[in-house]
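Listed below are the residues making up each chain.
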Amino acid sequence: ACRGLILSADSALAALWGTDRLRQLGYQVLAVSGKFTSSPLMMREYHDNDSNIPVVSSVGKAEELSARVRTFLKK
């Protein structure tokens, strides 16, 4: 069984559509990441339309992303 997931998207529109669809299917989206996180404009576009789900980058060591997953798993 899946308790939660992280969506990886290449654009703000894909992230918005993907999170909406996953919620409709009953999934808990912990965070959104992916290629679009390298664009401040796309990240702002996503936040302006869906601020309930955090956006985290997977660039480098992905410390924030892995911290969110660890926190969720401890619940």
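*Asks:* Explain the pairing of strand 2 (residues 29-33) to me, please; I cannot follow it from the model alone.
*Replies:* Remark: a regular strand shows side chains that alternate across the two faces of the sheet. Taken across its five residues, strand 2 has five buried, putting it largely inside the fold. Examined bridge by bridge, strand 1 (residues 5-8) and strand 2 share four bridges and lie parallel to one another. Bridging from a neighbouring strand, Ile 6 pairs with Ala 31 of strand 2. This β-α-β element, strand 1 to helix 1 (residues 12-24) to strand 2, shows right-handed connectivity.

*Asks:* What should I look at first to understand the environment of Ala 31 in this one?
*Replies:* You can see Ala 31 is positioned in strand 2. Using a relative accessible area of 1% as the deciding quantity, one classes Ala 31 as buried. C-alpha of Ala 31 to C-alpha of Leu 7: the two residues are 24 residues apart in sequence and 6.5 Å apart in space. Setting aside residues no more than four positions away along its own chain, Ala 31 makes contact with Leu 5, Ile 6, Leu 7, Ile 53, Pro 54, Val 56 and Arg 68.

Thresholds applied
Residues numbered from 1 in each chain as written. Predicted model: local features only at pLDDT ≥ 70, side-chain atom pairs only at ≥ 80, totals over all residues. Heavy atoms only, no water. Buried < 20%, exposed > 50% of the residue type's maximum accessible area, 1.4 Å probe, protein only. Helix = DSSP H or I, 4+ residues; strand = E, 2+ residues; numbered from the N terminus. Pairing = 2+ DSSP bridges. Right-handed = clockwise from strand over helix to strand, strands pointing away. Contact = heavy atoms within 4.5 Å.

Just geometry here; none of it tells us what the structure is for.
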